[in-house]
Protein chains: 12
Amino acid sequence: MNILIINGPNLNFLGKREPEIYGSNTLEDINKLLEKESALLSKDLNLEFFQSNSEGELVSKIQEAFGKYDGIIINPAAYTHTSVAIRDALLSTGIPTVEVHLSNIFKREEFRHKSYVSGVSVGVVSGFGINSYVLGLRGIFETIKSL
Amino acid sequence: MNILIINGPNLNFLGKREPEIYGSNTLEDINKLLEKESALLSKDLNLEFFQSNSEGELVSKIQEAFGKYDGIIINPAAYTHTSVAIRDALLSTGIPTVEVHLSNIFKREEFRHKSYVSGVSVGVVSGFGINSYVLGLRGIFETIKSL
Amino acid sequence: MNILIINGPNLNFLGKREPEIYGSNTLEDINKLLEKESALLSKDLNLEFFQSNSEGELVSKIQEAFGKYDGIIINPAAYTHTSVAIRDALLSTGIPTVEVHLSNIFKREEFRHKSYVSGVSVGVVSGFGINSYVLGLRGIFETIKSL
Amino acid sequence: MNILIINGPNLNFLGKREPEIYGSNTLEDINKLLEKESALLSKDLNLEFFQSNSEGELVSKIQEAFGKYDGIIINPAAYTHTSVAIRDALLSTGIPTVEVHLSNIFKREEFRHKSYVSGVSVGVVSGFGINSYVLGLRGIFETIKSL
Amino acid sequence: MNILIINGPNLNFLGKREPEIYGSNTLEDINKLLEKESALLSKDLNLEFFQSNSEGELVSKIQEAFGKYDGIIINPAAYTHTSVAIRDALLSTGIPTVEVHLSNIFKREEFRHKSYVSGVSVGVVSGFGINSYVLGLRGIFETIKSL
Amino acid sequence: MNILIINGPNLNFLGKREPEIYGSNTLEDINKLLEKESALLSKDLNLEFFQSNSEGELVSKIQEAFGKYDGIIINPAAYTHTSVAIRDALLSTGIPTVEVHLSNIFKREEFRHKSYVSGVSVGVVSGFGINSYVLGLRGIFETIKSL
Amino acid sequence: MNILIINGPNLNFLGKREPEIYGSNTLEDINKLLEKESALLSKDLNLEFFQSNSEGELVSKIQEAFGKYDGIIINPAAYTHTSVAIRDALLSTGIPTVEVHLSNIFKREEFRHKSYVSGVSVGVVSGFGINSYVLGLRGIFETIKSL
Amino acid sequence: MNILIINGPNLNFLGKREPEIYGSNTLEDINKLLEKESALLSKDLNLEFFQSNSEGELVSKIQEAFGKYDGIIINPAAYTHTSVAIRDALLSTGIPTVEVHLSNIFKREEFRHKSYVSGVSVGVVSGFGINSYVLGLRGIFETIKSL
Amino acid sequence: MNILIINGPNLNFLGKREPEIYGSNTLEDINKLLEKESALLSKDLNLEFFQSNSEGELVSKIQEAFGKYDGIIINPAAYTHTSVAIRDALLSTGIPTVEVHLSNIFKREEFRHKSYVSGVSVGVVSGFGINSYVLGLRGIFETIKSL
Amino acid sequence: MNILIINGPNLNFLGKREPEIYGSNTLEDINKLLEKESALLSKDLNLEFFQSNSEGELVSKIQEAFGKYDGIIINPAAYTHTSVAIRDALLSTGIPTVEVHLSNIFKREEFRHKSYVSGVSVGVVSGFGINSYVLGLRGIFETIKSL
Amino acid sequence: MNILIINGPNLNFLGKREPEIYGSNTLEDINKLLEKESALLSKDLNLEFFQSNSEGELVSKIQEAFGKYDGIIINPAAYTHTSVAIRDALLSTGIPTVEVHLSNIFKREEFRHKSYVSGVSVGVVSGFGINSYVLGLRGIFETIKSL
Amino acid sequence: MNILIINGPNLNFLGKREPEIYGSNTLEDINKLLEKESALLSKDLNLEFFQSNSEGELVSKIQEAFGKYDGIIINPAAYTHTSVAIRDALLSTGIPTVEVHLSNIFKREEFRHKSYVSGVSVGVVSGFGINSYVLGLRGIFETIKSL
């Protein structure tokens, strides 16, 4: 079972600045955590990681996943609220997808309450910090197994 | 660590009707699954279950949780979209809460996209069927441990 | 053929106060009228009556109807405009339902023009006073016969 | 007692096309059903039928009803949602009117949920197929008798 | 100078019913009043009158006015709020037009506050009863003279 | 019969600047035109003129009109769209009022389509340039005579 | 003179948790304060107190007040913004009612700015903490005396 | 293959007025252009033309097309934005339809951006002047061939 | 303790016109009532009264209150719904303020339901007629004492 | 005559997946079809093709077209609804542009009904599948010829 | 070159209260800073300063500027969001105007994001504290020079 | 002091096309103007320039600025109104930023009145043509100096 973990704009910046405020976890730390969790779930579970600040590259990566991956975990970050293109890419590949967010987006500005991605996802996990990814991994794993 | 799992209106009806359509899982099955998951997480984790169709009883149960529980998992079902009273109860007890939904509410009618509960929860998990509860339990467990 | 007639909040108060203004018909009078009409329609038609001011009790009663009643006539009164829970209960039992209103709700305040129940009902009758129930009974009777 | 039954645009097309899909009832069948029901209600009840695809002809017919008819049953069809002129015609004649719809308009597109006619009608019946007319006839009959 | 006075739906019904409520002035009385006023303004002023309940006939009449009339006075009645077709007809003939209303439409229902005709008219007169026509005639007369 | 003509903000500036663009009519010219028209209508008709850029002074002037004037003609200019205070002043004196505008406000920005004054006026005249005042005078004159 | 003081959801929780934050006043303290104030106003003034987290019980209690109480003071708390049923109950009993709130609801979330209860109340008092009740009592007392 | 070309209100006026501004093409010119294009596409392609300013006549014509035409090209003009009746007529006949507009309606007033017809059409062509009809003909021709 | 009572536009007109309709209480009567109430509360309580129809003068008066008054009672009347300037003045002086209204503004037109002042006030009292001022005085008195 | 055909995000994926569902036409097939159509229209017509998933690359390509191409055919796909940048690029080059869509966007989700590109295009063609491109080519060809 | 600097309501209060919070700069300090900057820009640059809390006085001052000033710098403060009258005054004098704000109004309440003045200004500067005026002066200076 | 000047989509096209219409200033001219202005402000002020049509590249450049630049001047052009990603990038680096626009965006289409960037900027300058950059530079310079 192959799973692609996609991170959107500014997530490459995690933990880079003022760790006393934003926490010291970097995107690399999240990836390592997911590798560890993955090993617990199944030895046949392979993860690949991808991050980009570009909407177009995210679309292209989703397309490339077709035929190669069984599931996608995506944190579309800012593009959650503005990208119909990412929605369409997910829709056209038809790969089961889980949307994750570090923060609880419903506690933030009004414009962050709307997601173009939720409507084409299997499920959504938000608000658990780096644990959102871990829960999302488990969620997509169980979903794919039950297909 | 004590955790209260609260289910809102109509969830007592799960699996009772036309199992070939709605699945054969009942609320009792979910509870058993959670007990099993709980045992895996920690032997000091105690779960209590509560379901009601009445908004007022749900409010009262949340109040009673104060001083007795370390965390709440709530599936407010239909009250998600209409109950300020449940929001206020959660707010006033201050107990860390995770909101869960069986279905992905963002794929359903427009009026189900708004939640009064999300804004006072630690995090939200929706769309994974009965697995939403399992992920929610793990989420609240990690959240409480890290406090 | 068994039919459950459900009345929502404040309908127990009908005819109790200032009969010269609100009319002298009580809910009991409506029930008697329905019994009489029922006898005309078919001798195999049984009616049961239920009223509650509590949204939760209305939800529970609808659930209990499953497997016991062939049709429901409901006047959700104030809950018409605010209760997703009653909508969900009707949806999950799948019993054919007719929504009735004493007054023409489209002649009243803006917030009474929206109904959460209409979208899950077979049909709607409003504005004929106590006759709305009689027409509703005939409507549900014909609907069930033609299934 | 004289009652005018008015049908709006496209209702002349009922049952004309693909009967296996839309049912084989034509407007003529509805009219016959109403004549039969009328005979049951009272031998002094006279019905007249009118259908037009033209908003202006519908307005003129409503005006002509003044002084000749005791009640109107109208299915304004598509004009329900767009015609202030029909509303004004009903308002100015002051004849008690019942609005009927074959389908439950609240289950259809958003723009069909608003009616310019409901606010000037005695009552509304929708969703019972051809039975909506029968219930509407009984409703207007009882309304006129009680004046 | 030739002026066409156009009246929309239901205005043929003026004064026909319950004169103690709606006043006893008929559309014919308005026309006579306008003839009298016209004689005072100029002996070269010719008026023609037209009324229809049909949007299409109103559109056609406006088109026919092209090349024959110097000005139009229109009371679009209910079509004020719903007819883009009348707006387009006035726009395409390019004849100076004055919109008049018997009642003050801003004191009535919200949906009567919007006019598709005002934006293509020289000016608007509303609320003066039958005097709205007299003021409108004088307004269009002065407007044409000053061209 | 005494009539007060009230002009709101910036109307004192009429004709003062670039007459080739805005026309050379000043507020004084409008007043003279009204005096001339007044003489034609009745020798017992007295006009008083008032202009202010201050919402408060306009409110005070309207109050002072109570018991002294039989009618008011008001061009509230910019305050048309923003002043509840002028609306309340007109409402509390109860003097019949006609609202006039030089331009057709429905051809201008969206925010100029809403008037707080129309709802408390007898009638509205807009779009006839300085003639709007003349028509408004005749309208208020006829209105008062018919009381 | 008998007055019923009704408190809605979560008000039973006042002062129970973290007194250093929420103040140490409980609902019982408010009731005692009202008893003291009542004694100052009149020795014939009797107060009864009721609190419930259930919308249905609040509706039923309001109905029971009919014929027994001269006035109602209600803090509908969260139901202020969502309950048409409480509005209808107050409307149908016709007992003069004063709406009170501890906090100034206009300083809180947008959804708390709308009240279904204000439109059927004599008056509203909000923002004075426990003093809102005292002012409300004096307000209802004076209102009833002046009837 | 038979195709009906339907033109809505004011299109009979094309080219009739001020040719230097609106172009000198009349509706007859468009029809001739379509005949010429038709001959190029297939010798078995027959066109019929219909224009009316009346919504009702347009509805009736669409109904008559049932069983006689294989496709419809419609320029609903002003009724595009206001007619649910035309939408329903097209829906009930089920004939493949192409919506065309001379101008690009998205460059005009906001109220012209909404079309009731687009949602029941195969496709839409707008903005190419008289060429919109030619493209529409080719579009409907290819669509019918591929059925 | 010094308290400034500020009244907005048209309140100087209270009781001046048709006392049989609007009541015979003038603003002077309200002031006297407040003086009497003030004497009951404390002999050290000094009241000053101010009324203006001008938004600018109200703003200036609020500024002058800085350093001289301990509290403000304001009935902003029509400016309640339109004045950001009064809001800003209250905000910048920082003096505790109570907003009062004679009528229950929630029973009136939609545009009166929004207040720019409530969000910067300690509390709001509306609907008790002249008693609103008395309750407001007691409210501000208790608020200042408890600071 | 040189024409640039631009395709937005996900259109490179056409026909790549599940041909039995989405059809087997790829973007290359569309390009070939356009080449064939181009040859029929004129031997001097040159086409260039460009596709990108990146909004920025699409903007840059449009800029590069300036001075090199006489017309643009663009299917902005998902960026239709979200890209002001593409609108601005088209606007600043001033090259005549035709917007095309495979599907009828008015039959899809509400957010797909708004286009930032339509307002700066000559015309729009949508809903004809791959034929939309052919019609668009013919439309831009005729448009450029007639300049 | 003569420039008028206009300040709206509450700006006379700057620096008057709690300097440790709001800063110690008064309006006089801003004026001095502008005089100093003016001297740097050109010795022929004359500044005049005006402040008022009254909308009417601000309107009158803008009118008086006609023919005397080459440019206006205005901080309309609270009237930014509510005054159509100031907008109209600026529009009718036609003097180039720059709008300035001390704070960044886009970081404040929603109702402060709309400006009636921006649409009739050359440019806008907001958020730089007292430096907004300095930048605005330089902006208007360069604008006038380039005319 | 190091300042990064960032320009968004289409600004590379400035002055490239039809200089008689759009002016002959290119982005290079703006950069030179800024260098000149920079020299006047301080010899220690270093500027770097960046332009991209790609949202992702703009995000990445903003991230790279962290730790290297003391301030940012950004003209986000079309992305002003659609990019949450640029907002988030600015927010996460925490570098003081000034938003500039060549044109006054409040005089253009409605959708250009909303900015995602203003809410995270120190200040905004718009409408002064190339001078907006000069004013923005001075604004950010003074802001950084005063930190």
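Scroll up for the structure.
Rules behind the numbers
- Residues numbered from 1 in each chain as written.
- Chains lettered and ligands numbered in written order.
- Predicted model: local features only at pLDDT ≥ 70, side-chain atom pairs only at ≥ 80, totals over all residues.
- Heavy atoms only, no water.
- Least-squares fit on C-alpha atoms with pLDDT ≥ 70 in both.
- Contact = heavy atoms within 4.5 Å.
- Salt bridge = Lys/Arg side-chain N within 4 Å of Asp/Glu carboxyl O.
- Polar contact = N/O pair within 3.5 Å; in protein donor to acceptor, adjacent residues only side chain to side chain.
- Helix = DSSP H or I, 4+ residues; strand = E, 2+ residues; numbered from the N terminus.
- Nonpolar A, V, L, I, M, F, W, Y, C, P; charged D, E, K, R; others polar.
- Core = buried A, V, L, I, M, F, W, Y, C linked by side-chain atoms within 4.5 Å.
- Buried < 20%, exposed > 50% of the residue type's maximum accessible area, 1.4 Å probe, protein only.
- Phe/Tyr/Trp six-rings, centres within 6.5 Å; stacked < 30°, edge-to-face > 60°.
- Pairing = 2+ DSSP bridges.
- Axes fitted to C-alpha atoms, helices over the stretch in contact; angles between N-to-C directions.
- Buried area = accessible area lost by both parts, 1.4 Å probe.
- 1 Å grid on protein atoms, 1.4 Å probe; cavity = no way out; pocket = protein on both sides within 12 Å on 5 of 7 lines; lining within 4 Å.
- Points joined across faces, edges and corners; volume = space filled by probe spheres on them.

Lay out the relation of the copies chain C and chain B in plain terms, naming residues and giving numbers.
For these two chains of identical sequence, chain C goes onto chain B by a turn of 120 degrees and a shift of 0.0 Å along the axis, with RMSD 0.0 Å. The superposition of one copy onto the other is thereby described by a three-fold rotation axis. Little of the interface of chain C is mirrored in chain B: 12% of its interface residues are interface residues there too.

Please set out the relation of the copies chain B and chain A residue by residue, giving values where relevant.
Comparison of the two chain copies shows a relationship of rotation about an axis with a shift along it. Placing chain B over chain A gives an RMSD of 0.0 Å and needs a rotation angle of 180 degrees, together with 0.0 Å of translation along the axis. Look at the turn and shift together and you get a two-fold axis relating the two. Closest to the rotation axis within chain B is the C-alpha of V125(B), separated from it by 2.3 Å. Looking at the interface residues of chain B, 100% of them are also at the interface in chain A, so both copies use one shared face.

Which residues make up the interface of chain C and chain B, and what are the values?
Taken together, the 17 residues of chain C in the interface contact 17 residues of chain B. Here R112(B) and D88(C) are joined by a salt bridge, their closest N and O atoms 2.8 Å apart. Counting across the chain C and chain B interface gives seven residue pairs in polar contact (both at pLDDT 80 or more). Of all the secondary-structure elements, those providing two or more residues to the side of chain C that touches chain B are helix 3 (55–64) and helix 4 (84–93) of chain C. The leading source of residues in the side of chain C that touches chain B is helix 4 of chain C, at eight residues. In the side of chain C that touches chain B, the residues fall into seven nonpolar, seven polar and three charged.

Describe the nonpolar core, with residues and values.
Among the nonpolar cores identified, the biggest contains 62 residues, and I72(F), I86(F), I72(I), I86(I), I72(K) and I86(K) are the most heavily contacted of them. Contact partners of I72(K), with chain neighbours within four places excluded, come to L4(K), I6(K), I62(K), A65(K), L90(K), I95(K), P96(K), T97(K), V98(K) and I140(K).

Which residues make up the packing of aromatic side chains, and what values go with them?
The full count for this structure, using the stated rule, is 30 aromatic pairs over all chains. Both rings, one in F66(A) and one in F13(J), keep their centres 5.6 Å apart while their planes meet at 80 degrees; by these two values the pair is edge-to-face. Of this pair, F66(A) sits in the loop between helix 3 (55–64) and strand 3 (71–75) while F13(J) sits in the loop between strand 1 (2–7) and helix 1 (19–22), each in a different chain. Note on F106(G) and F106(I): the rings are 6.1 Å apart at their centroids and 5 degrees apart in plane angle, and the pair reads as stacked. With F106(G) in the loop between strand 4 (97–101) and strand 5 (123–126) and F106(I) in the loop between strand 4 (97–101) and strand 5 (123–126), the pair connects residues from two separate chains. F106(I) carries the same exposure label as F106(G), and that label is buried.

Before we move on, could you go through the sheet that holds strand 3 (residues 71–75) of chain C and cite the residues and values that matter?
Across the sheet, ten strands lie side by side as 2(C)-1(C)-3(C)-4(C)-5(C)-5(D)-4(D)-3(D)-1(D)-2(D); this open sheet has mixed pairing. What marks the edges here is a single partner per strand, and that holds for strand 2 (46–51) of chain C together with strand 2 (46–51) of chain D. Sheet twist, expressed as the mean angle between neighbouring strand axes with direction ignored, is 20 degrees. As judged from the six bridges shared by strand 1 (residues 2–7) of chain D and strand 2 of chain D, these two strands associate in the parallel manner. Counterpart to I3(D) in the pairing with strand 2 of chain D is L47(D). Along the sheet face, helix 2 (residues 27–41) of chain D touches strand 1 and strand 2 of chain D and points at about 165 degrees away from the line of strand 2 of chain D.

Any chance you could break down the pattern of salt bridges for me, citing the residues and the numbers?
Summed over the entire model, instances satisfying the criterion amount to 96 salt bridges over all chains. Linking R138(E) and E37(F) is a salt bridge whose minimum nitrogen-to-oxygen distance equals 2.7 Å. Linking R138(E) in helix 5 (residues 131–145) with E37(F) in helix 2 (residues 27–41), this pair reaches from one chain into another. Judged by relative accessible area, which is 15%, R138(E) ranks as buried.

Could you give an account of the interface of chain B and chain A, with specific residues and numbers?
Each partner contributes to the interface: chain B provides 24 residues, whereas chain A provides 24 residues. Broken down residue by residue, the surface that chain B buries against chain A is led by F106(B), F128(B) and R138(B), which jointly contribute 30%. At the boundary of chain B with chain A, the tally comes to two salt bridges. Between chain B and chain A we count ten residue pairs in polar contact (both at pLDDT 80 or more) in total. Those elements that provide at least two residues to the side of chain B that touches chain A are strand 5 (123–126) and helix 5 (131–145) of chain B.

If you had to explain the layout of surface pockets to someone new, which residues and values would you point to?
Over the atoms a probe the size of a water molecule is rolled, and this reveals where empty space is left. Here the second largest pocket defines a volume of roughly 1,300 Å³. Lining the second largest pocket are 32 residues, and of these H113(A), K114(A), E110(B), H113(B) and K114(B) sit closest to its centre. Classifying every residue of the lining of the second largest pocket gives eight nonpolar, eight polar and 16 charged.

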